[in-house]
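Observations on chain architecture
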Number of protein chains: 2
Amino acid sequence: MDKKKILGIPSIKRLPTYLNLIRQAQEEGYEFISGTVIAQELQVEPIQVRKDLAITGIIGKPKKGYPIVPLIAAIEHYLSWDNTKNAIIVGAGNLATALIGYPGFQSHGLNFVAAFDNDESKIGTYIHGVPVFSMNTLNEQVKNLDVTIAVLTVPSQYAQVTANRVIRAGIKAIWNFTNEKLNLPQEIVSQQEDLTSGYALLCVKMDAQKPKLVKE
Amino acid sequence: MDKKKILGIPSIKRLPTYLNLIRQAQEEGYEFISGTVIAQELQVEPIQVRKDLAITGIIGKPKKGYPIVPLIAAIEHYLSWDNTKNAIIVGAGNLATALIGYPGFQSHGLNFVAAFDNDESKIGTYIHGVPVFSMNTLNEQVKNLDVTIAVLTVPSQYAQVTANRVIRAGIKAIWNFTNEKLNLPQEIVSQQEDLTSGYALLCVKMDAQKPKLVKE
């Protein structure tokens, strides 16, 4: 039934940006938002916005645009953000603290239930209310807490061994913030974040700025 | 002269991933790497890898692949990662600490020279050796330290006002880790990181996993 069409990766990655903007418009009291406005605000081609949003099944009205309330619901449904998912985070350092405290994850259904570390001084403490457990308790905690996602924020050299451990504990999806490309069984879903990708883009834009600024 | 061809955004974002893999191959003692291997390892289409790497001007040899040493140099040159860029980070919280400590930025020419915050308890401390200054000293520090990039890790509601301040101080490029879409003068280069984009992709993959797993 509910068979979703699959968008391309860049389109999926744009959806949260659309969602942010559409929510902002909602807070400002708007009931409709046009594809053209979204395109202008986010510097995307209007045709691209229309293609991306077609996946939601929400039809824009001529001269008014998309109705905001159902559009938000449809994007959230497409992303499964209307379902809460329990997650653990492994490696209770600064990045973990930043991610657990990142506003927005909670409202997108990402619910951090536990953090794990080997550092004795961290075990037993809390990060934004999330308890830090010893790695030795991983298996029982994953079972008890009904966790599907593991976020990896360990140093890169421990990424693979940590991935192996969380998979043995029953984790089905890995969000990998390390530099390490992981070897994972086919049935495990994963997403690697590369913080240097955005930096690459910034650098190329800075470089492009030098010879010619004018967009015509 | 040295007029670089401009790749599409997804291609540019893939370059750091290629670079990681190619460096890994180098560490393992390889002198050549084939486009096919890169494609397999990173689950990208081989034709896409060849297109992306064509930008470097490095020609692969039949049966051997690309020579690793010049390929690394060419990617780094394309990304301007062979030039050191001084950066400040504004908002000296956990995300700032994670970014300053992120291995790889330094080797990509990103040199954090100062952090800024309004929190008296942070001013005068150091984050991984980088001093934290008061926001009141922003203008003089940016001038003294020859800074071009500002990384914004302030809470989203302060993003725009912070952007305005760093631009007034002489910053030319903004790497924005907040949720806030910034209004910036045309001559300012910016890149917004949305940590929820990767999460969106993970969620869609998890969802796609449910009905049908088989890739044929």
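Residues numbered from 1 in each chain as written. Chains lettered and ligands numbered in written order. Predicted model: local features only at pLDDT ≥ 70, side-chain atom pairs only at ≥ 80, totals over all residues. Heavy atoms only, no water.

Another aspect to go through is the environment of Leu201(A). Mapped onto the elements, Leu201(A) comes out in helix H8 (residues 195–209). Take Leu201(A): its relative accessible area is 4%, and that puts it in the buried class. Along the backbone, Leu201(A) and Gln157(A) are 44 residues apart, and their C-alpha atoms lie at a distance of 26 Å. Among residues more than four places away in sequence, those in contact with Leu201(A) are Ile9(B), Ile12(B), Lys13(B) and Gln191(B). (Helix = DSSP H or I, 4+ residues; strand = E, 2+ residues; numbered from the N terminus. Buried < 20%, exposed > 50% of the residue type's maximum accessible area, 1.4 Å probe, protein only. Contact = heavy atoms within 4.5 Å.)

What relates the two chain copies is a rotation about an axis together with a slide along it. Between chain B and chain A, which share one sequence, the superposing operator has a rotation angle of 180° and an axial displacement of 0.0 Å; the RMSD is 0.0 Å. Classification of the inter-copy transformation places it as that of a two-fold axis. Proximity to the rotation axis, assessed at the C-alpha, singles out Asn94(B) in chain B; its C-alpha lies 2.5 Å from the axis. Taken together, the interface assignments show that 100% of the residues at the interface of chain B recur at the interface of chain A, consistent with an identical surface on both copies. (Least-squares fit on C-alpha atoms with pLDDT ≥ 70 in both.)

Between chain B and chain A, the residue contacts involve 63 residues of the former and 63 residues of the latter. In this assembly, chain B packs against chain A so that about 5,800 Å² is buried in total across both faces, 66% of it on carbon and sulfur atoms. Three residues stand out in chain B for area buried against chain A, namely Tyr102(B), Leu195(B) and Tyr199(B), and they jointly supply 13% of the buried area on that side. Remark: the boundary between chain B and chain A carries zero salt bridges. One can count twelve residue pairs in polar contact (both at pLDDT 80 or more) joining chain B with chain A. Listing elements by their share of the side of chain B that touches chain A, those giving two or more residues are helix H1 (9–27), helix H2 (35–42), helix H5 (94–100), strand E8 (173–176), strand E9 (189–192) and helix H8 (195–209) of chain B. In terms of residues, the side of chain B that touches chain A owes the most to one element, H8(B), which gives 15 residues. (Buried area = accessible area lost by both parts, 1.4 Å probe. Salt bridge = Lys/Arg side-chain N within 4 Å of Asp/Glu carboxyl O. Polar contact = N/O pair within 3.5 Å; in protein donor to acceptor, adjacent residues only side chain to side chain.)

Direction vectors running N to C along helix H1 (residues 9–27) of chain A and H8(B) enclose 120°, while the axes themselves pass 8 Å from each other. Considering the angle they form, H1(A) stands oblique to H8(B). In this structure, H1(A) crosses over H8(B), and the sense of that crossing is right-handed. In this structure, H1(A) uses Ile9(A), Ile12(A), Lys13(A) and Pro16(A) to contact H8(B), whose residues at the interface are Thr196(B), Ser197(B), Ala200(B), Leu201(B) and Val204(B). Looking at the contact of H1(A) with H8(B) residue by residue, the classes come out as six nonpolar, two polar and one charged. (Axes fitted to C-alpha atoms, helices over the stretch in contact; angles between N-to-C directions. Parallel < 35°, antiparallel > 145°, perpendicular 65-115°, else oblique. Left-handed = near helix turned anticlockwise from the far one by under 90°. Nonpolar A, V, L, I, M, F, W, Y, C, P; charged D, E, K, R; others polar.)

This part is about the domain arrangement of chain A. When cut into domains, chain A gives domain 1 (9–78) and domain 2 (85–196). Just the C-alpha atoms count here: the centres of domain 1 of chain A and domain 2 of chain A sit 31 Å apart. (Domains from an automatic or database assignment.)

Turning our eyes to something else, we now look at the environment of Ser134(A). Residues and elements named next belong to chain A. By the element assignment, Ser134 lies in strand E6 (residues 130–134). Taking the C-alpha atoms as reference points, Ser134 and Glu120, separated by 14 residues in sequence, lie 7.7 Å from one another. Within the structure, Ser134 has its side chain in polar contact with the backbone nitrogen of Asn136 (distance 2.9 Å).

Okay, the packing of aromatic side chains next. Centre distance and the angle of the planes are the two values used to describe a pair of aromatic rings. Per the stated rule, a full pass over the model turns up 16 aromatic pairs over all chains. Judged by centre distance (5.6 Å) and plane angle (70°), the ring pair of Phe105(B) and Trp175(B) falls under edge-to-face. Linking Phe105(B) in the loop between H5 and strand E4 (110–117) with Trp175(B) in strand E8, this pair joins segments that are 70 residues apart in sequence. Using a relative accessible area of 2% as the deciding quantity, one classes Phe105(B) as buried. Residue classification places Trp175(B) among the buried positions, given a relative accessible area of 0%. In textbook terms, an aromatic cluster arises when at least three aromatic residues are bridged by ring pairs, as seen for Trp81(A), Tyr102(A), Phe105(A), Phe112(A), Trp175(A), Phe177(A) and Tyr199(B). (Phe/Tyr/Trp six-rings, centres within 6.5 Å; stacked < 30°, edge-to-face > 60°.)

The computed volume of the second largest pocket comes to approximately 610 Å³. Of all the secondary structure elements, the ones that give two or more residues to the lining of the second largest pocket are helix H5 (94–100) of chain A together with H5, E4 and helix H7 (159–168) of chain B. Residue composition of the lining of the second largest pocket, grouped by class: 14 nonpolar, 13 polar and three charged. (1 Å grid on protein atoms, 1.4 Å probe; cavity = no way out; pocket = protein on both sides within 12 Å on 5 of 7 lines; lining within 4 Å. Points joined across faces, edges and corners; volume = space filled by probe spheres on them.)

Turning next to the pairing of strand E7 (residues 149–152) of chain A. Residue and element names in this part refer to chain A. A two-sided burial pattern is seen for E7, the buried positions comprising Ile149 and Val151 on one face and Ala150 and Leu152 on the other. Of the strand pairs in this sheet, strand E3 (residues 85–90) and E7 are connected by four bridges, and their pairing is parallel. Paired with Ala87 across the strands is Ile149, a residue of E7. Relative to strand E8 (residues 173–176), E7 runs parallel, the two being bridged by four bridges. Across the sheet, Leu152 pairs through a bridge with Asn176, a residue of E8. Read from E7 through helix H7 (residues 159–168) to E8, the crossover connection turns out right-handed. (Pairing = 2+ DSSP bridges. Right-handed = clockwise from strand over helix to strand, strands pointing away.)

All names here are of chain B. Alternating positions in E8 separate into two faces, Ala173 and Trp175 on one and Ile174 and Asn176 on the other, with burial throughout. Here E8 runs beside E9; their pairing, made up of four bridges, is parallel. Looking across to E9, one finds that Ala173 is bridged to Val189.

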